[in-house]
Amino acid sequence: MSKYIEYIENVQSIIEKIKTEGAESITKTAEVFKNALKNGNNIYLFGTGHSHMLAEELFYRAGGLVKIHPILSEPLMLHESAFESTEKERQEGLAQSLFDEYGIKKDDVIVIISNSGRNGVIVDMALICKERGVTVIALTNMNHTMSGDSRHKSGKRLCEIAHITLDNFGCVGDACVEIDGVSGKVCPTSTVTGALILNSVVAQCVEMCVADGFVPEHFASANVDGGDEINSKFVEKYKKEIKHL
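What counts and how
Chains are numbered independently. Their residues run from 1 in the order of the written sequence. Owing to the predicted nature of the model, reporting of local features is limited to residues with pLDDT of at least 70; listing and counting of side-chain atom pairs is limited to 80 or more, with chain, interface and lining totals taken over all residues. For side-chain calculations, the full set of non-hydrogen atoms in the structure is used, while hydrogens and water are omitted. Definition used in this section: a nonpolar core is a set of buried Ala, Val, Leu, Ile, Met, Phe, Trp, Tyr and Cys residues joined via side-chain atoms within 4.5 Å. Whether a residue is buried, partly exposed or exposed follows from its accessible area with a 1.4 Å probe, protein chains only, as a fraction of its type maximum: under 20%, in between, or over 50%, in that order. Put simply, DSSP H or I for four residues or longer makes a helix, DSSP E for two residues or longer makes a strand, and each gets a number counted from the N terminus. Residues count as neighbours in contact if any of their non-hydrogen atoms are within 4.5 Å of one another. Strand pairing requires that DSSP identify at least two bridges connecting the strands. The axes are straight lines fitted to the C-alpha atoms, using for helices just the contacting stretch, and the angles between their N-to-C directions are given from 0 to 180°. Cysteine sulfur atoms are paired as a disulfide whenever they fall within 2.5 Å. Each residue after the first adds 1.5 Å to the expected span of a helix. When we speak of the arc, we mean the arc of directions from the helix axis to the C-beta atoms.

(A) Spotlight on the nonpolar core. Phe33, Leu45, Phe46, Ile71, Ile110, Ile112 and Met125 are the most contacted members of the largest nonpolar core, which has 61 residues in total. The element contributing the most residues to this core is helix α8 (residues 190–211), with eight residues. Residues in contact with Phe33, not counting those within four places in the same chain, are Ile43, Leu58, Leu65, Val109, Val111, Val201 and Cys205.

This is the structure we're talking about:
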């Protein structure tokens, strides 16, 4: 079997688990999203390293919800210094300034994305948010996170703080393909499965909103006729409220 086929089949196998074993958490998260939209609260997404891409996945996206707030801190991303971002994500004390900068409030919702769920800034953010009355959703890899200890002084992992945990069902270390003659595995799964989980939540949320009597605001593709006109109205409406619009 070609290794690319093996990788695809590995991902397909994870998707089947998400459909079945992950269904309850997806549905619960969708309901939390629905209630936030209905009640005028905000939905934040936060991740460090490669996980920041999933914070961007739902933001300003064709077919995506408008009221999405990604928390994007450049030192915790990859484009300034990938190695230094790894060092910074392990530090405690950085989350408080981000919480304050983005104006997160009681009854808001935050999805915190971390494959390992064990580093300082991620655990700090979860603890701060939960203490302040924010609903905390974890998107993590339960196989990985339970294979090692927390790096936070509390001794807690992200999944042990969150109100709801979305499991990406990856393997320990994330990469999943073994190739003869190569030390260690290649090809991670957390980004593709994480994007699928988050968009599944959005699909279920929108269905729930319609059943509850309202259609949530959502973006169109800017690359179809009429898309710019639709999106510009939302940008004008929310540009002072949503930091990165």
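(B) Structural context of unusual backbone geometry. Phi angles above zero are rare outside glycine, and Phe169 is one such case at about 55°. Note that Phe169 resides in the loop between β5 (164–167) and β6 (175–177). Non-glycine residue Cys187 carries a positive phi angle of around 75°. Among the structural elements, Cys187 can be located in strand β7 (residues 186–188).

(C) Region of interest: the sheet that holds strand β4 (residues 135–140). Spatial strand order, β2-β1-β3-β4-β5: five strands in an open sheet with parallel pairing. Two strands bound the open sheet, and with one partner strand each, they are β2 (68–71) and β5. When the angles between neighbouring strand axes are averaged without regard to direction, this sheet yields 20°. With five bridges connecting them, strand β1 (residues 43–47) and strand β3 (residues 109–113) associate as parallel partners. If you follow Leu45 over to β3, its bridge partner there is Val111.

(D) Quick look at the state of the cysteines. For the structure on display, the rule yields zero disulfides. Here Cys187 stays unpaired: no disulfide links it, and the sulfur of Cys176, its closest cysteine neighbor, is 6.4 Å away. Left without a disulfide partner, Cys205 is nearest to the cysteine sulfur of Cys209, which lies 3.9 Å away.

(E) Summary view of the pairing of β2. Burial along β2 is two-sided: Ile68 and Pro70 facing one way and His69 and Ile71 facing the other are all buried. Two strands pair when backbone bridges link them, and β1 and β2 are joined in this way by four bridges, in the parallel orientation. Paired with Tyr44 across the two strands is His69, which belongs to β2.

(F) Spatial organisation of helix α1 (residues 3–20). The end-to-end C-alpha distance of α1 is 26 Å, a good match for the 26 Å that 18 residues give at a rise of 1.5 Å each. When α1 is considered as a whole, its buried residues turn out to be Val11, Ile14 and Ile18. Viewed end-on, α1 has its buried residues packed into an arc of 60°, placing them on one side of the element. Opposite the packed face of α1, turned more than 90 degrees from it, sit the exposed residues Lys19 and Thr20. Where α1 is buried, its residues meet α2 (23–38), β5 and α8.

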